Amino acid sequence: MRRTERYRELYVYEKDCNAKMLAMICSVPEANRGDDRFQQAVNLAGHLAACRENWLDRMEAEGVRQVGWFDDRCDVATLAQRFDAIEARWTQYLEALSEDDLDRDFDFPIGGGRRYTWRIEGQIIQLIGHAHYHRGQVSLLVDQRGGETVDTDYLFWANPQLKAF
């Protein structure tokens, strides 16, 4: 399998995980949503959307349309639409991505007039791992607030005939 095909497949998996994460957040009973832990789960989901928005902007447009990385008051009502929009953009980006593009460097500002150069493939790998990390945090916070958690392990996505052991 070509690298581009692998990353497209992994993004289909990520979109499934995002849907499960949003469902987990929405499963928290209304009575338990006033707690800081619920807001932290929502904020982490918003952060994942911001990461996808910002890194795609950096890879396509040198970071000229950046959004805040963290929103301490992210609104749960905005998450589904935000994820739908960024997932459509990333799906389109990955569909157009060539093997040569994965080896291409991109530059982006890092503050103080400085710029950083990194490879497209490196950033795609970073985003995959970063999403796993924060979705795990969201799952824990949802569980603490009485919501329903869902296993998002790749093993069970790639092999739906298996059941979590």
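Data block above holds the structure.
Residues numbered from 1 in each chain as written. Predicted model: local features only at pLDDT ≥ 70, side-chain atom pairs only at ≥ 80, totals over all residues. Heavy atoms only, no water.

Before going further, it helps to examine helix H5 (residues 120–144). Compared with an ideal rise of 1.5 Å per residue, which puts 25 residues at 36 Å, H5 spans 37 Å between its outermost C-alpha atoms and is within 8% of the ideal. Positive backbone phi, approximately 85°, marks Gly146, located one or two places after H5. (Helix = DSSP H or I, 4+ residues; strand = E, 2+ residues; numbered from the N terminus. Expected span 1.5 Å × (residues − 1).)

Moving on: empty space enclosed by the protein. This structure, assessed with the given rule, holds three cavities of 30 Å³ or more. Counted as a void, the largest cavity has a volume near 70 Å³. Lining of the largest cavity is provided by Tyr11, Glu14, Asn18, Leu48, Cys51, Arg52, Phe83, Leu127, His130, Ala131 and Arg135. Contributing elements (two or more residues each) for the lining of the largest cavity: helix H1 (3–26), helix H2 (36–61) and H5. Tallied by class, the residues present in the lining of the largest cavity amount to six nonpolar, two polar and three charged. (1 Å grid on protein atoms, 1.4 Å probe; cavity = no way out; pocket = protein on both sides within 12 Å on 5 of 7 lines; lining within 4 Å. Points joined across faces, edges and corners; volume = space filled by probe spheres on them. Nonpolar A, V, L, I, M, F, W, Y, C, P; charged D, E, K, R; others polar.)

For the structure on display, the rule yields 10 aromatic pairs. With a centroid separation of 6.2 Å and an interplanar angle of 90°, the aromatic rings of Trp55 and Phe106 are classed as edge-to-face. With Trp55 in helix H2 and Phe106 in strand E1 (residues 105–111), the pair connects residues that are 51 residues apart, well separated along the chain. What makes Trp55 buried here is its relative accessible area of 13%. Judged by relative accessible area, Phe106 falls into the buried class, the value being 4%. (Phe/Tyr/Trp six-rings, centres within 6.5 Å; stacked < 30°, edge-to-face > 60°. Buried < 20%, exposed > 50% of the residue type's maximum accessible area, 1.4 Å probe, protein only.)

A separate point is the pattern of salt bridges. Two side chains bearing opposite charge may form a pair once their charged atoms approach each other closely. Scanning the model with the defined rule gives 15 salt bridges in all. Of the charged contacts, one joins Arg3 and Glu121 as a salt bridge, the two residues approaching to 2.8 Å between their closest N and O atoms. Of this pair, Arg3 sits in helix H1 while Glu121 sits in helix H5; the two residues are 118 residues apart in sequence, bridging distant segments of the chain. Judged by relative accessible area, Arg3 falls into the partly exposed class, the value being 28%. (Salt bridge = Lys/Arg side-chain N within 4 Å of Asp/Glu carboxyl O.)

Along any regular strand the residues' side chains alternate between the sheet's two faces. Relative to strand E2 (residues 114–119), E1 runs antiparallel, the two being bridged by six bridges. When the sheet's bridge partners are listed, Phe106 is paired in E2 with Trp118. (Pairing = 2+ DSSP bridges.)

Take Thr4: it is sitting in helix H1. Reaching out from Thr4, the side chain makes a polar contact with the side chain of Glu99 at a distance of 2.8 Å. Non-local contacts of Thr4, meaning those with residues more than four positions away in its chain, are made with Leu97, Ser98, Glu99 and Leu102. (Polar contact = N/O pair within 3.5 Å; in protein donor to acceptor, adjacent residues only side chain to side chain. Contact = heavy atoms within 4.5 Å.)

Here H2 crosses helix H3 (residues 76–96) at 25°, and the two axes come no closer than 10 Å. Judged on the interaxial angle alone, H3 and H2 are roughly parallel. Of the two possible hands of crossing, H2 and H3 adopt the one that is left-handed. Between H2 and H3, the residues in contact are Phe38, Val42, Ala45, Gly46, Leu48, Ala49, Ala50, Arg52, Glu53, Leu56, Met59 and Glu60 and Val76, Leu79, Arg82, Phe83, Ile86, Arg89, Trp90 and Tyr93, respectively. A class-by-class count of the residues in the contact of H2 with H3 yields 14 nonpolar, one polar and five charged. (Axes fitted to C-alpha atoms, helices over the stretch in contact; angles between N-to-C directions. Parallel < 35°, antiparallel > 145°, perpendicular 65-115°, else oblique. Left-handed = near helix turned anticlockwise from the far one by under 90°.)

Another aspect to go through is the side chain of Arg145. Mapped onto the elements of the fold, Arg145 is located in the loop between H5 and helix H6 (154–158). Judged by relative accessible area, which is 14%, Arg145 ranks as buried. Not counting residues up to four positions away in its chain, the partners in contact with Arg145 are Val28, Pro29, Asn32, Asp35, Arg37 and Phe38.

So, about H2. Spanning 26 residues, H2 covers 35 Å between terminal C-alpha atoms, matching the ideal 38 Å at 1.5 Å per step. The backbone nitrogen of Arg37 has a side-chain oxygen 2.5 Å away, supplied by the residue at the start of H2, namely Asp35. Where H2 terminates, the next one or two residues include Glu62, which has phi positive at roughly 60°.

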